[in-house]
Structure formats: C-alpha cells, structure tokens
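Letter by letter, the chains look like this.
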Amino acid sequence: MADPALHSVAATRGGTEYPDFPYAPSTAYPEYPGRDVSPVRNGVYEAVRENFRLLGFDAANFGTARWNPLGHLIRPGDTVFVKPNWVDHKHRFNDDLWSVITHPAVLRAVLDYALLALHGSGRIVVGDNPHVDTDFAALRKASRLDDLAAYYRDTRHVDIPFLDCRLWTLENLDLYGYKAGRIALPGDPAGSREVDLGSRSLFQGLSDARFRGTYNDREETRDFHRNGRHAYVFSKSMFDADVFISIPKLKAHAKVGATLNIKGLIGTIANKNGLVHWQIGFPSQGGDEYPEPARRSDRLKLSVQHFLMDHLSEKVHLAGRGFLRKTAPGRALMQLFQTEAQRKRMLRGSAALNDTTWRMTCDVYNLFVRDLANARGKPLRFLSVIDGIRGGDTDGPHFPCPVSPGVVVTGEDLLATDLAAVRLMDYDDRQIQYL
C-alpha cells in the first residue's frame, strides 16, 4: 500500500519579499548547522522549514538538533540533483526577473536540508536546460550562483556545481529556429541518455507529417517520433541521480496553462529538437500552429512557407531571406506572404486548441518520473518545493505579469503538488490537459 503522506501537499506563506544574500535563516534552529543567522526575518526559509514540519518529515525529532526532515528521502552517499526553473536570464519585457525564475533564497533553504541529510557523504548537483537563447552568465550573476558556491565551500567545505546542461545556445534571436545560429556548449558533464517510450507515447497513432520541434529542421524531430519510436534525450546527471528535487516557479504558461513541476521537466531534456512543440498548419489543415484564419489565402500562404522551409536547405533559405530584406520590394513581398497571425506576432502553438505540447509534457513525465520504459533499474526519489513568493500570471514562461502570492508549496509527488498549486492559482485543473 502506498504511503498516504506521499500525496500530501503543504503550503505556507513566507511573505512577498526575498531576503538578501546569503539568504540565511533569521532563527538559529536546533538542527541548523551554520553559524550565520540573519538579523532580518527570512520568511522564505521559515516557509520551507514549516512545510517539512507540516508534512510530518521526521516528526519524532522535530525541535531537536537531530531533526533531519529529508532523511527519509536522501541517504548518505546519494547523488541529489536539484533543478530550479532557470528558463531565462531576464523578464522579456524587463519586468521582475523573480516572476520568471526560481529565487536563490528558496534554493539555499533546500540545499541546507539536503546537505544535512547527506551527512557529509554523497554530492549535490544543481542545474537546468534553459531556453536556447538564455544568457547563462547573466543568469549566474543575477542569481549570485558563484557567490553561493563560494559560501558553501567556505562554510560547509562542500563543492556544489551549478550547471548549464544545454548542448547549444543562441546569441542572435533573428536566427531562432535555424541550426546555423547555434553555438555548441559543453552540456551536462555526465553526457546525455536517450530513452524510447515506444508505443506508450501519447504521440503513438498520430502522423509525424506535421511535427515541429525547436528548429526548422523537422526531419530530426520526426526521426525521434516515427514507426513506433518515440525517443527523448535526457541530461544524464538528472536521469541517473538518486534523488531529484524540483524547485519551479508558481507561473502561468502560454501553451499549456501552467508551468510547475511537470512542465518544468522539459528542463531535463538535452536535445530540445526531439520535443514536438506543435503541428504545423491551421486546424483545418490538421495542425495547431495558429487559430483558424479568417482569410482563405492565409492557408495557402502558410502552406507555401512550410513547403519552402521543408524543401530548401537552411543555407538557401537564409540567403533568400537576407536578399529579400535588402530592398523595399523584397520586404514588401515578404510581408505579402505573411499570414494575419504572423503580422500580429502571434506565438506559434499558443492557441487553446494546441493538441501537441501537453502530449510532449506527459511523455517526459512518464519517462522521467514513472519510468515507463524501465530504463533506470532503480527508483528515483522526488521532492518538490515550488517558489511562489513571487509568481507569474498570464503570458509565461518568458514575460508573465508579476504577482506576489507569497507562498511556498511542497510535496513528494510532483503531480499532486502541481494539482494543489494550480488550484491555489485559482485555475481549473481540468483545463490543463497534461494534468
């Protein structure tokens, strides 16, 4: 029989402001191994700790120096992978960054209790696969990751790496979707691991003819999803860890409604072009790229665009685009072949009719959490601590409307925690397909 506590979720208010570095607790708790205590209240640390208490973690020892709330989850010698939401290095409309990504104050509290559980044996790795154009150096600076790494070296004598696990980045957004714009990155030091969900994929039975991933090269995406093969490439450090701790934001998402733990698992994927984001074309054409247009000519225009993209080499397509942009007649011709949705700069696959992204999200969950492909040979243990001190409404993940719920949500079951969180957000979870 499953432990009922596994599906319990705790939520505690922690104020609406984040503390200053080094994000130390404002109380010398009996179990706290550090010497630094903040003179200013740290409601974030309090909320994380209180959630552990509410969930009954190591209840027998609460209030004593022996309290080890994550001891049932983390064992000495384990490898613990901690994944914040590091999707971007900025708010795309230059608003509050902490409505977009996880604040290091929440990370600090979780790391303290994870280290306590390891008892000096094992290791912690922190990382993510951010968006392709995220400036990770800027993210490191804004989140003070180097300072946090130095803090743990100096005070706990432990090295905690903060990893950008991406295989590529992109500096010129004008080249988004083109492989020519990619810059290779070292990626996860442990490498990557491909896992095939096969016929258990939610794409099974769908034609791959319209599948579109991160890049305009749709053949690579389709190669991951055809003939009963539905493969995903994970960062190996995440997939092969003993414990996985998810620290997402409480945030809306334009394609799927909300991005919390389960949608955040897309950050475990190393090769993002293996993810089907949408199906090209309008609904009447069998796609979910844009809502149905008012003009019949838009159907033809979009079909021509995709034909050229699929049949011209990337080099030729880029050269042609560059040539047309040089002259006024060329620019006018390009505008003539734009659909109304493109002129309005509508995000592709963001319509309520998107029937693709939720499938991709469920596939990743079923491989990473449920291990339906039996790829691990050992169970991965999970914890979720959602950073809802600040959150993002409406147009997430990159430019949400900042809100301040002032809450931290915690649970061991990622699905149960997400369900509690979206209800807390006053969303109808029945409208979020992957949940």
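Our structure is the block above this text.
Summary of the structure given here. For every chain, the first residue of the written sequence is number 1, and numbering continues from 1 onward in sequence order. With pLDDT at 70 or above as the cut-off, local features in this predicted model cover only qualifying residues; side-chain atom pairs require 80 or more to be listed or tallied, and sums for whole chains, interfaces and linings still use all residues. Hydrogens are left out, water is left out, and the side-chain values use all remaining heavy atoms of the structure.

**Points about the packing of aromatic side chains**
Whether two aromatic rings pair depends on their centres lying within 6.5 Å, for rings of Phe, Tyr and Trp, where Trp uses its six-membered ring; planes under 30 degrees apart make the pair stacked, over 60 edge-to-face, and the rest tilted. Following the criterion strictly, the structure yields 21 aromatic pairs and no others. Ring centres of Phe244 and Phe368 lie 4.8 Å apart, and the angle between their planes is 70°; on these two criteria the pair is classed as edge-to-face. Residue Phe244 is located in strand β11 (residues 243-247), and its partner Phe368 is located in helix α12 (residues 357-368); the two are separated by 124 residues in the primary sequence. Think of it in three bands: residues with accessible area under 20% of the maximum for their type are buried, residues over 50% are exposed, and the middle band is partly exposed, with areas taken using a 1.4 Å probe on protein chains only. Residue classification places Phe244 among the buried positions, given a relative accessible area of 0%. Secondary structure follows DSSP: runs of H or I at least 4 residues long count as helices, runs of E at least 2 residues long count as strands, and numbering of each begins at the N terminus.

**Remarks on the packing of helix α1 (residues 43-54) against helix α2 (residues 104-118)**
At a closest axis distance of 9 Å, the pairing of α1 and α2 adopts a crossing angle of 45°. Classed by the angle they form, the pair α1 and α2 counts as oblique. Between α1 and α2 the crossing geometry is right-handed. Together, Val44, Tyr45, Val48, Arg49 and Phe52 of α1 and Ala105, Val106, Ala109, Val110, Asp112 and Tyr113 of α2 make up the contact between the two elements. Every angle, taken between N-to-C directions, lies between 0 and 180 degrees, and every axis is a line fitted to C-alpha atoms, over only the stretch in contact when it is a helix. To sort the angles, those under 35 degrees are grouped as roughly parallel, those over 145 as roughly antiparallel, those from 65 to 115 as roughly perpendicular, and the leftovers as oblique. Note: crossing handedness is left-handed where the near helix turns anticlockwise from the far helix by less than a right angle, and right-handed where it turns clockwise. Only heavy atoms matter for contacts: two residues are in contact if any of them lie within 4.5 Å across the pair.

**Looking at unusual backbone geometry**
Cis geometry is adopted by the peptide bond preceding Pro22, which originates at Phe21 and carries an omega value of 10°. Here the bond from Gly396 into Pro397 is cis, since omega is 10°, no more than 30 degrees from zero. Assignment of secondary structure puts Pro397 in the loop between β15 (381-393) and β16 (401-403). Of note in the backbone geometry, Asn94 takes a positive phi value of approximately 60° without being a glycine.

**A look at the nonpolar core**
Within the largest apolar cluster, 55 residues are counted, with the highest numbers of intra-cluster contacts made by Ile74 and Ile124. Broken down by secondary-structure element, the contributors of at least two residues to this core are α1, β2 (79-84), α2, β3 (123-128), α3 (136-143), α4 (145-156), β11 and β15. Excluding residues that lie within four positions of it along the chain, Ile74 makes contacts with Val80, Ala114, Ala117, Leu118, Val243, Ile245 and Arg381. Counting residues in hydrophobic clusters, the runner-up holds 44 residues, among them Leu265, Trp358, Val407 and Met425. Definition used in this section: a nonpolar core is a set of buried Ala, Val, Leu, Ile, Met, Phe, Trp, Tyr and Cys residues joined via side-chain atoms within 4.5 Å.

**What about the side chain of Asp78?**
With respect to the element layout, Asp78 can be found in the loop between α1 and β2. For Asp78, a relative accessible area of 7% gives the class buried. Among the polar contacts made by the side chain of Asp78, one reaches the side chain of Arg381 at a distance of 2.8 Å. Filtering out sequence-adjacent residues up to four positions away, Asp78 remains in contact with Leu73, Leu118, Ser121, Gly122, Arg123, Asp242, Val243 and Arg381. Side-chain atoms alone can form a polar contact between residues adjacent in sequence; in general such a contact is a pair of N or O atoms within 3.5 Å, and within protein one must be able to donate a hydrogen while the other accepts it.

**So, the pattern of salt bridges**
Basic side-chain nitrogens of Lys or Arg form a salt bridge, by our definition, when they fall within 4 Å of a carboxyl oxygen of Asp or Glu. Tallied over the entire structure, the rule returns 35 salt bridges. The closest approach of N and O atoms between Glu17 and Arg390, which form a salt bridge, is 3.0 Å. Separated by 373 residues along the polypeptide, Glu17 in the loop between β1 (9-13) and α1 and Arg390 in strand β15 bring together distant segments of the chain. Among the residues examined, Glu17 registers a relative accessible area of 54% and is labelled exposed. If you follow the salt bridges from partner to partner, you end up with Asp208, Glu219, Arg222, Asp223 and Arg226 in one network.

**Structural notes on α2**
Each turn of an α-helix holds 3.6 residues, which means side chains three or four residues apart point in the same direction. Compared with an ideal rise of 1.5 Å per residue, which puts 15 residues at 21 Å, α2 spans 20 Å between its outermost C-alpha atoms and is within 8% of the ideal. Buried residues dominate α2, accounting for 15 of its 15 residues. Taken from the residues just after α2, His119 is the one with a positive phi, measuring 55°. In a helix, the anticipated span is given by 1.5 Å times the number of residues less one.

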